[in-house]
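Commentary on secondary and tertiary structure
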Amino acid sequence: MCEIFGISASFPCVINDYLKTFYSHSSLHPHGWRLAYRAEENSSALKIYKGKEPAFKSKYLEEKLSEPVVTDLALAHIRYATIGNVEFKNCHPHKKADRLGHQWTLIHNGTIFDFKPLDKFISYQSGDTDSERILLYIVDEVNKKQGQLYRGLSPQERFMLIDEIICRMSKGNKLNLILYDGEFMYVHTNYANSLYFLNKGDCALFSTQPLSPENWQNVTFTTLVVYKWGKQVFTGTNHNNVYIENEENLKYLYQIFSNL
């Protein structure tokens, strides 16, 4: 199981303490790390730093965190490989531009056991993770919708499309993710007690585990929530597709992991 971290804020924050605690968990998630954050205000672009080594062994990451990381939006990931080899190309966040040039960025904690629409992306993804296929599918659906309308999607239309995708994809699959479309941060969990948030006024933080003694709460369950500048702006459909571990899925994961 991987761990994910995200922050959406209305002002630049120093997030080093949260990141250091987050990356300290990498002894249990040793298959690579990434950090993506907005370094310039009013920009949709994210700078990405990465390594395929365990985060706690990375001199590069240690050096990066020795200086203030100041941002109003960030995504971070530490990987425990289940699907996909231990390689740079399989480290999250994954990113992909749609046909209008908008950059989509995704981090995922979970496994897609059965969702046939993802299969067609196996042949041309850069890595071999199901997480990358999730992003490719989402961007493909965005492109289709934009093509049908002959224009870009409004914020409401983007939200409705992502909500519909999440409702379908979450059935029978473990789908903890954070998705960023250059404007909004989409957050979803359907596995109990595996994604938390901390509300600090105009700053919202998300993490697989609480990262401080502060008042972390469970993220809204089986429902897509969307944030901008630290405030929740959309609430999706409660699909009730709760993911529960079962013997068949655990066997599937064991078989895949034994081949990595």
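Residues numbered from 1 in each chain as written. Predicted model: local features only at pLDDT ≥ 70, side-chain atom pairs only at ≥ 80, totals over all residues. Heavy atoms only, no water.

1. Observations regarding the confidence of the model for the chain
Mean pLDDT over the chain works out to 89, with 88% of the residues at or above the 70 mark. Between residues 83-88, whose pLDDT stays under 50, and residues either more than four places distant or in other chains, the model counts 27 contacts. Scored below 50 in pLDDT, residues 256-260 makes 10 contacts in the model with residues more than four places away or belonging to other chains. (pLDDT = per-residue confidence, 0-100. Contact = heavy atoms within 4.5 Å.)

2. Observations regarding helix α3 (residues 130-149)
If you check α3, its first and last C-alpha atoms are 29 Å apart, about what 20 residues at 1.5 Å a residue would give, namely 28 Å. The buried fraction of α3 is high, at 15 of 20 residues. The first or second residue beyond α3 is Y150, which carries a positive phi of 60 degrees. (Helix = DSSP H or I, 4+ residues; strand = E, 2+ residues; numbered from the N terminus. Expected span 1.5 Å × (residues − 1). Buried < 20%, exposed > 50% of the residue type's maximum accessible area, 1.4 Å probe, protein only.)

3. A short note on the pattern of salt bridges
With the rule as written, the count across this model stands at 12 salt bridges. Residue R151 pairs with E157 through a salt bridge whose shortest N-O separation is 2.8 Å. With a relative accessible area of 40%, R151 lands in the partly exposed category. Judged by its relative accessible area of 23%, E157 falls in the partly exposed class. Residue K231 is joined to D202 by a salt bridge in which the shortest nitrogen-to-oxygen separation is 3.2 Å. Here the residue K231 occupies a position in strand β13 (residues 231-235), and D202 occupies one in the loop between β9 (196-199) and β10 (203-207), the gap between them amounting to 29 residues. Shared partners join several salt bridges into a network, and the residues in it are K120, D140, E141 and K144. (Salt bridge = Lys/Arg side-chain N within 4 Å of Asp/Glu carboxyl O.)

4. Regarding helix α4 (residues 155-169)
Across its 15 residues, α4 extends 21 Å between first and last C-alpha, which sits within 8% of the 21 Å expected from 1.5 Å per residue. What α4 keeps buried is the set R158, F159, L161, I162, D163, I165, I166 and M169. Of the surrounding elements, those touching the buried residues of α4 are β6 (103-111), α3, β7 (174-180), β8 (185-188), β12 (225-228) and β13.

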